[in-house]
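Summary of structural features
The lines below spell out each chain.
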Amino acid sequence: MTPQDARTEREPDASGDGWILKLYVAGQTQRSIAALENLKAICDGHLGGKYKIEVIDLAQNPRLARTDQIVAVPTLVRKLPEPMRKIIGDLSNQERVIVGLKLDQKPIN
Amino acid sequence: MEPRTYRQLLADNEGLKAQLHSLRERLEEVEETVAAVRAGQVDALVVSAEPGEELYVLERIDRPYRLLLESMAHGAAVVDADGRIAYCNRSLAELFRRSRDEVTGSHWRDYLSGPDALRLADALSEVSQRSSSRVEVLVQRPGASPQPIEIAIHPSPISSLFCFVVTDLGPRRLIQDLVETRKRLSESEAEYRRLYDELRDEERRKDEFLAVLAHELRNPLAPLRNALHLLRSEPDRQQAEQARAIMERQLDSIVRLVDDLLDVSRLVSEKVELRKESIELAAVFARAVDVVRGQVETDGLELIVALPEAPIRFEGDEVRLAQSIGNMLSNAVKYTDRGGRIFLSGERDQDRIVIRVRDTGIGIPPDVLPRVFDLFVQADRSLTRSQGGLGIGLTLVKRLVEMHGGRVQAASDGLGRGCEFTVTLPLESPSEKGVPEDRSAKPGSTTTRRVLVVEDDADSAQSLAMLLQIWGHSVEIASDGHKALDAARMFEPEIVLLDIGIPGLDGYEVAERLRAEHGVTLKVVALTGYGREDDRKRSREAGFDRHLTKPLEPARLREMLESFEFGSDADAERSSGHPPAHVD
């Protein structure tokens, strides 16, 4: 199984080792595009195929911010595994993302 | 401490720890958010507000939109409910011919006339949260003319603000003008093309006319030459008489042709004046029939004239009306074959006179019928050659009839079915001018007069002198103005026939001097090649008694000479009140 397959096709299971990440952005800004690319690079490096990224554009519908109580964009939300964690900004600081998402505790096996 | 309490304390402690952890995490999140905002890593902030969340975009995300706004050709502004401009783009400032700083914070009414400002306020008040509004106004600009603009007013997400999109109507108007102008241009182009075609058509008709004219003028020359030759080769009495008749007829036809041409040019340039007097329709008919009588006999036609018994007397120019009817008769003669019939009738119809000329001739094709009175139009040129004629006769008829306030119409059932011309004249009752003189009065007994002929063309002078001598007058000839004055002193003429266009002194001056030297008893007659109205006027002013147009018609000349009254003459009782204005 390749990582690409996992990302696009496989339903991550909530109880297992699947990750669900939500990236809140506002329009196609340079920062939001950079945030998505940075996130993909980090996930591919640390999670293999066991993750799913959902991009939510608040420029289209600001109300979606309510779900995760977003106050600024871009914001990355780790929905699963719990507990929920948030990282704000363009995710350019890889160290900070890894620490923030506690990725270092679950390296690729 | 009881164990339960201790456990509870422990539990409380765990709870507090968890709370602390949670608080720490939330604090971390807040700190992180603030740090990210401070570090400029955030595009937008989400603000909770009624009715829902709104996205407050930080500077960079709206840069493309701002760029779009700044580069677009339309003016754009954010305006408060009072009409104050909170923001304007570059195009609007340019349209206003002011700097952006000036425009920002200013009020819309600063740029509008009073009424326009009111209309804008009305339009603003009409804009609701859901609907837009539009208004056209003139914007007043420093150092430039007011510009028409259209303002589209849209509601904004913030209820107290409005978005204005401003369209400069100048270019649109310009384009509209251009489209209009282009349309008008193509219209006038079509008009020019039509005129051009008309002119070309006319030109073609004129060319044809000239060809026919040359033909018509040359036609009489051969018989004239033949007849002359005959006279030179000692003919017997009968042959001489025949030659003379031929020459007379051919000469008449040339004279008529030239007269018609002159008439046309005078009518076209509107130099013909009618000499209206009380006339009788029968007299007009008689004069008209005279024109064609010979031709009717020669061609073996029958001419039937019908008039009511009661005379129809009316106001008109007898000569011109007779000419008109004569032309219609000539036309009928021309297009009717041997054995055919021509009808001329006149009748009174209430307040009108209706004159009809009908024939059993070749008729007029329907396509020619509407143009039959146009200059140079003839049914069929090739046919015309054989029939003769210039295609001007009917044009003369139409103009002359119209000058009388009447109308002329042509009708035909088609080729071979003959045609009918109908002239309708208003029946004007004769004015109090009195009875006209009888132009066809029998000449009285011939009296010998001393006549001086002033003419530089030797042949003309000599032939005229011979004619006068044959009539029993005593004649002298002078070939220029000075000789004329000398001859007048020596010869003491009673009548001077004076050509206007002579060398030396011109005819007008000679006339004035003759008048000065010899007084009013001397009769001075002008001879000119032009029958134009201003020549007549000038000759009257120069003191001429009469005016004759060349070529002279001997009968008329004779009639005129005999009509002169001389105070000393015994036969001066032929008092005709006033002399005829002109004889020609």
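Reference entry: report on the structure contained in this document. (Residues numbered from 1 in each chain as written. Chains lettered and ligands numbered in written order. Predicted model: local features only at pLDDT ≥ 70, side-chain atom pairs only at ≥ 80, totals over all residues. Heavy atoms only, no water.)

1. Some remarks on the overall build of chain B
For clarity, the cut-off: Runs of H or I in DSSP of at least four residues are treated as helices and runs of E of at least two as strands, each being numbered from the N terminus. A simple rule labels every residue: compare its accessible area, found with a 1.4 Å probe on the protein chains alone, to the largest value its type can have, and call it buried under 20%, exposed over 50%, or partly exposed in between. Contacts between residues were defined by any pair of non-hydrogen atoms, one from each residue, lying within 4.5 Å. For accessible areas, the Shrake-Rupley method is used with a probe of radius 1.4 Å. Any residue's cover is judged against the shown protein chains and nothing else.
Counting secondary structure elements, chain B contains 17 helices and 19 strands. When burial is assessed residue by residue, chain B has 37% of its 584 residues classed as buried. The contacts of chain B with a sequence gap of at least 6 include a subset with a gap of at least 24, amounting to 61%. Accessible surface computed for chain B: about 34,300 Å², of which carbon and sulfur atoms make up 52%.

2. Quick word on the packing of helix α8 (residues 237–268) of chain B against helix α10 (residues 318–334) of chain B
Residues and elements named next belong to chain B. Let me state the cut-off plainly: Each axis is a line fitted through C-alpha atoms, taken for helices only over the stretch in contact, and angles between the N-to-C directions span 0 to 180 degrees. If you view the pair so one helix is near and one far, a crossing is left-handed when the near helix is turned anticlockwise from the far one by less than a right angle, and right-handed when it is turned clockwise. Residue type decides the class: Asp, Glu, Lys and Arg count as charged, Ala, Val, Leu, Ile, Met, Phe, Trp, Tyr, Cys and Pro as nonpolar, and the leftover types, Gly among them, as polar.
α10 packs onto α8 with a crossing angle of 115° between their chain directions and a minimal axis gap of 14 Å. As for how α8 packs across α10, the hand of that crossing is left-handed. On α10, the residues that touch Asp-260, Asp-263 and Arg-266 of α8 are Arg-320, Gln-323 and Asn-327. When grouped by side-chain class, the residues that make up the contact of α8 with α10 number no nonpolar, two polar and four charged.

3. So, the pairing of strand β5 (residues 85–88) of chain A
For a regular strand, the rule is simple: side chains alternate between the two faces of the sheet. Residues and elements named next belong to chain A. The line we're drawing: Each pair of strands is called paired provided DSSP finds at least two bridges between the two strands.
Burial along β5 is two-sided: Arg-85 and Ile-87 facing one way and Lys-86 and Ile-88 facing the other are all buried. As judged from the four bridges shared by strand β4 (residues 75–80) and β5, these two strands associate in the antiparallel manner. Bridge assignment links Thr-75 to a residue of β5, and that residue is Ile-88. Counting the residues in the hairpin turn of β4 and β5 gives four residues.

4. So, the sheet that holds β4 of chain A
Sheet strands pair via backbone hydrogen bonds, and the direction of the pair is either parallel or antiparallel. Residues and elements named next belong to chain A. With mixed pairing, the four strands of this open sheet are ordered in space as β2-β1-β4-β5. Looking at the sheet topology across the chains shown, the edges are occupied by β2 (51–57) and β5. Strand-to-strand, the axes of this sheet are offset by a mean angle of 20°, without reference to chain direction. As paired elements, strand β1 (residues 19–25) and β4 share five bridges and run antiparallel to each other.

5. Concerning the packing of helix α14 (residues 481–491) of chain B against helix α15 (residues 507–518) of chain B
When two helices pack together, their arrangement is given by the angle between their axes and by how far apart the axes lie. Residues and elements named next belong to chain B. Our working definition: Relative orientations are named as follows: roughly parallel for angles under 35 degrees, roughly antiparallel for angles over 145 degrees, roughly perpendicular for angles from 65 to 115 degrees, and oblique for any other angle.
Two elements in contact, α14 and α15, have axes whose closest approach is 10 Å; the angle formed by their N-to-C orientations is 20°. When the axes of α14 and α15 are compared, the pair comes out roughly parallel. For α14 against α15, the interelement crossing comes out right-handed. Between α14, through Gly-481, Ala-484, Leu-485, Ala-488 and Arg-489, and α15, the contact on the second element is made entirely by Val-510, Arg-513, Leu-514, Glu-517 and His-518. For the contact of α14 with α15, the residue count by class is five nonpolar, two polar and three charged.

6. Things to note about the interface of chain A and chain B
Selection rule: Once two parts are joined, some of their accessible surface, as seen by a 1.4 Å probe, is lost; buried area is that loss totalled over both. Throughout this description, the term salt bridge denotes a Lys or Arg side-chain nitrogen within 4 Å of a carboxyl oxygen of Asp or Glu. Between N or O atoms, a polar contact is any pair within 3.5 Å; within protein, one atom must be a potential hydrogen donor and the other a potential acceptor, and residues adjacent in sequence are included only when both atoms are from side chains.
The interface is formed by 24 residues belonging to chain A together with 19 residues belonging to chain B. For the chain A and chain B pair, buried surface summed over both sides reaches about 1,900 Å², with 49% attributable to carbon and sulfur atoms. If you sort the residues of chain A by the area they bury against chain B, Arg-31, Val-71 and Ile-88 of chain A come out on top, with a joint share of 29%. There are four salt bridges connecting chain A and chain B. Arg-96 of chain A is the salt-bridge partner of Glu-32 of chain B, the closest N and O atoms lying 2.7 Å from each other. Viewed at the interface, chain B and chain A are joined by eight residue pairs in polar contact (both at pLDDT 80 or more). Of all the secondary structure elements, the ones that give two or more residues to the side of chain A that touches chain B are α2 (30–47), β3 (72–73) and β5 of chain A. Per-element tally for the side of chain A that touches chain B: the top contributor is β5 of chain A, with four residues. Partitioning the side of chain A that touches chain B into residue classes produces 12 nonpolar, five polar and seven charged.

7. Observations concerning the sheet that holds strand β15 (residues 450–454) of chain B
Residues and elements named next belong to chain B. Strand order in the open sheet formed by five strands is β16-β15-β17-β18-β19, with parallel pairing between adjacent strands. Where the open sheet ends on each side, the last strands, each with one partner, are β16 (474–478) and β19 (546–549). On average, adjacent strands in this sheet sit at an angle of 20° to one another, irrespective of strand direction. Pairing of strand β18 (residues 523–528) with β19, which is carried by four bridges, proceeds in the parallel orientation. Looking at the pairing, Ala-526 lines up with His-547 of β19. Along the sheet, α15 makes contact with β17 (495–499) and β18, crossing β17 at roughly 160°.

8. Side note on the packing of aromatic side chains
Residues and elements named next belong to chain B. Our working rule: Aromatic rings from Phe, Tyr and Trp, with only the six-membered ring used for Trp, were paired whenever their centres fell within 6.5 Å, and each pair was classed as stacked if the ring planes differed by under 30 degrees, edge-to-face if by over 60, and tilted otherwise. A ring is considered to have a charge above it if a Lys NZ or an Arg CZ atom is located within 6 Å of its centre and within 35 degrees of its normal.
Following the criterion strictly, the structure yields five aromatic pairs over all chains and no others. Taking the centre distance of 5.4 Å and the plane angle of 40° together, the rings of Trp-108 and Phe-164 count as tilted. On the criterion of sequence distance, the pair formed by Trp-108 in the loop between α4 (100–103) and α5 (114–126) and Phe-164 in strand β7 (residues 161–168) is long-range, its members being 56 residues apart. Measuring from centroid to centroid gives 6.0 Å for Phe-373 and Phe-421, while their planes differ by 80°, and the two rings are edge-to-face. Remark: Phe-421 occurs in strand β14 (residues 419–426) and Phe-373 occurs in the loop between β12 (352–359) and α11 (381–387); sequence separation between them is 48 residues. Like Phe-421, Phe-373 is buried. Chaining the aromatic ring pairs together yields one cluster made of Phe-96, Trp-108, Tyr-111 and Phe-164. One Lys or Arg, Arg-358, reaches over the ring of Phe-343 and ends 4.3 Å from the middle of that ring.

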